[in-house]
Amino acid sequence: MKGLKRIALVSLCLLSFSSGGVYAQVSETVQTANDSRVELDRIVAKIDQDVIMQSELDARLEAVHRQLSSRNINLPPEDVLKKQVLEQLILENIQIQMGKRGGIRIDDWALNDAIARIAQRNQMTLEEFKQNLEADGLSFSQAREEIRREMILNRVRQRQVAQRVQVSEQEIDNFLSSPEGLAQMQTEYRLAHILIATPDNATPDQIQSAERRANNLSKELRQGADFQAMAIANSKGQNALEGGDLGWRKADQLPTLFAEQAIKMTRGQTSAPIRSPAGFHIFKLMDTRGNEKVVQSQVHVRHILIKPNEIRSNLESQMQAKKLYERVQSGETFSELAKAYSDDTASALNGGDMGWISPETLVPEFQTVMNIIPEKVVSEPFRTTYGWHILEVLGKRQSDISSQVRRNQVRELLSNRKFEEELQVWLREIRDQAYVEIQL
């Protein structure tokens, strides 16, 4: 026999274990003419009803090497890194199996949408995203499957862990009154600054000269001169070359004099010159954030809903709504009719009153009618996906919901913290409960 004769041999053997799992172990070898064998792939871990192959471990190790090297992070010894990566793969495998048993699937439409959003967040077109992946040594098809895998993992975690997380109103109150909460909820100021400096032990003439110059600058600024250009040309402050811009800072991160001015000023306002031992300061409050007043349009509305059902057809529901409308027009009480006939059980008990609500929470057809009819006028019957309605707008207002928004922000912050804590507990639990056999 001349040359090397390559024969691919694939052996399948079924192995059962005490956990009750059955595995198809694939061991692929290559036989050469001199009968030496080279192993191409092998099982490195068995987890419940699945396995992790050496090729999977090698691929993940390569990706981790590439990622850590790009961030200039010193790599640990290879055996330590391999154990860490294998443990990560084991945990992911357990969760993927849970997802399969729970019927979690990511279809191509959802996957394509997620990839488009990832590209958009990175300010890339889809084609640029593909090119960047290939430059990093990852094909687009590989990336798609990795993203699909991550989406399954996220859905499993949300399903299993999110239900453990509860944030009470008392916890929100406690956070808002804590030093951390007070610091996080503090207003941030973007302040710009011009300093007309005076020397140490300045003479009266030097002080007067600096004051005149500061007053002249202040006058020009009031007449519309550009603050940043004036700062670059005249200021002796440390941030002069940035147009005097001090960046975003909370009051306790500013010098006392600066903080006192920022708190008193309104957005866009420029101060008169203020003297300190360093000289004369002119401030401009460019912007604020963290204390924004959130105003929401709200409508006070009541309605009667008649739903089609197995007994009552859509046409019959329409006719009943029309009769109720006519009864209201003839002088019968809206609230009493709502209590007696409305199929919206939540509002029927209150005479159809839905309270003050944001229009954005309502279906488009309801919004349209609500916006057209005058206050204290009952609408003619109209249809939405829920059925046939007649409604009356009792009032409209602009409501300050800043406090509610802040509480929602705190609720989200505390929920995220609790989720991460519960996630670690849950991961330990599922790892302990799984059958795992490592064969490194």
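First things first, this report covers the structure right here in the doc. Because the structure is a prediction, the values reported are computed rather than measured.

### Things to note about helix 5 (residues 140–161)
- Between the first and last C-alpha of helix 5 there are 31 Å, a value that for 22 residues agrees with the 32 Å anticipated at 1.5 Å per step.
- Phe 140, Ala 143, Arg 144, Ile 147, Arg 148, Met 151, Ile 152, Leu 153, Val 156, Arg 157 and Val 161 are the residues of helix 5 that are buried.
- Those residues of helix 5 that are buried are in contact with helix 2 (78–101), helix 3 (108–121), helix 4 (126–135) and helix 15 (402–433).

### Details of the nonpolar core
- Ile 52 and Trp 426 are the most contacted members of the largest nonpolar core, which has 41 residues in total.
- Elements with a minimum of two residues in this core: strand 4 (43–47), helix 1 (54–70), helix 2, helix 3, helix 4, helix 5 and helix 15.
- The dominant element in this core, judged by the number of residues it contributes, is helix 2, at nine residues.
- Beyond its immediate stretch of four places on either side in the chain, Ile 52 contacts Arg 42, Ile 43, Val 44, Ala 45, Ile 47, Leu 86, Leu 89, Ile 90 and Asn 93.

### Section: the pairing of strand 9 (residues 279–289)
- In the sheet, strand 6 (residues 188–197) pairs with strand 9 via 10 bridges, with the strands oriented antiparallel. By the bridge assignment for strand 9, Arg 190 is matched with Asp 287.
- Relative to strand 9, strand 8 (residues 274–276) is paired through three bridges, and the arrangement is antiparallel. Within strand 9, the residue paired with Arg 275 across the bridge is Phe 280.

### Description of helix 14 (residues 364–372)
- Taken together, the buried positions of helix 14 are occupied by Phe 366, Val 369 and Met 370. Buried residues of helix 14 fall within an arc of 100° about the axis and therefore sit on the same side. Residues of helix 14 that are exposed and point over 90 degrees away from its buried face: Pro 364 and Ile 372.
- Next to the buried residues of helix 14 lie strand 10 (295–306), strand 11 (353–357), strand 12 (382–384) and strand 13 (387–400).

### Some remarks on the packing of aromatic side chains
- This model, assessed by the stated rule, comprises two aromatic pairs.
- Judged by centre distance (4.8 Å) and plane angle (70°), the rings of Phe 258 and Phe 283 are edge-to-face. Within this pair, whereas Phe 258 is found in helix 10 (residues 256–264), its partner Phe 283 is found in strand 9, the two being separated by 25 residues in sequence. For the residue pair Phe 258 and Phe 283, the accessibility class agrees, reading buried in each case.
- Between the aromatic rings of Phe 366 and Phe 382, the centroid separation amounts to 5.8 Å while the plane-to-plane angle is 70°, which identifies the pairing as edge-to-face. Linking Phe 366 in helix 14 with Phe 382 in strand 12, this pair joins segments that are 16 residues apart in sequence. Pair check on accessibility: Phe 366 and Phe 382 agree, each one buried.
- Positioned above the aromatic ring of Phe 140, the side-chain terminus of Lys 130 is 4.8 Å from the ring centre.

### Section: the packing of helix 2 against helix 15
- Where helix 2 contacts helix 15, the axes come no closer than 10 Å and their chain directions differ by 85°. Compared by their axis directions, helix 2 and helix 15 come out roughly perpendicular. Mapping the contact onto sequence places Glu 87, Ile 90, Leu 91, Ile 94, Gln 95 and Met 98 in helix 2 and Trp 426, Leu 427, Ile 430 and Arg 431 in helix 15.
- Looking at the contact of helix 2 with helix 15, its residues break down into seven nonpolar, one polar and two charged.

### Describing unusual backbone geometry
- The phi dihedral of Asp 48 is positive, around 45°, even though this residue is not glycine.
- One non-glycine residue with positive phi stands out, namely Gln 123, at about 55°.
- Among the secondary structure elements, Gln 123 is positioned in the loop between helix 3 and helix 4.
- According to the relative accessible area criterion, Gln 123 is exposed, its value standing at 75%.

Parameters and conventions
- Residues numbered from 1 in each chain as written.
- Predicted model: local features only at pLDDT ≥ 70, side-chain atom pairs only at ≥ 80, totals over all residues.
- Heavy atoms only, no water.
- Helix = DSSP H or I, 4+ residues; strand = E, 2+ residues; numbered from the N terminus.
- Expected span 1.5 Å × (residues − 1).
- Buried < 20%, exposed > 50% of the residue type's maximum accessible area, 1.4 Å probe, protein only.
- Contact = heavy atoms within 4.5 Å.
- Core = buried A, V, L, I, M, F, W, Y, C linked by side-chain atoms within 4.5 Å.
- Pairing = 2+ DSSP bridges.
- Arc of directions from axis to C-beta.
- Phe/Tyr/Trp six-rings, centres within 6.5 Å; stacked < 30°, edge-to-face > 60°.
- Lys NZ or Arg CZ within 6 Å of the ring centre and 35° of its normal.
- Axes fitted to C-alpha atoms, helices over the stretch in contact; angles between N-to-C directions.
- Parallel < 35°, antiparallel > 145°, perpendicular 65-115°, else oblique.
- Nonpolar A, V, L, I, M, F, W, Y, C, P; charged D, E, K, R; others polar.

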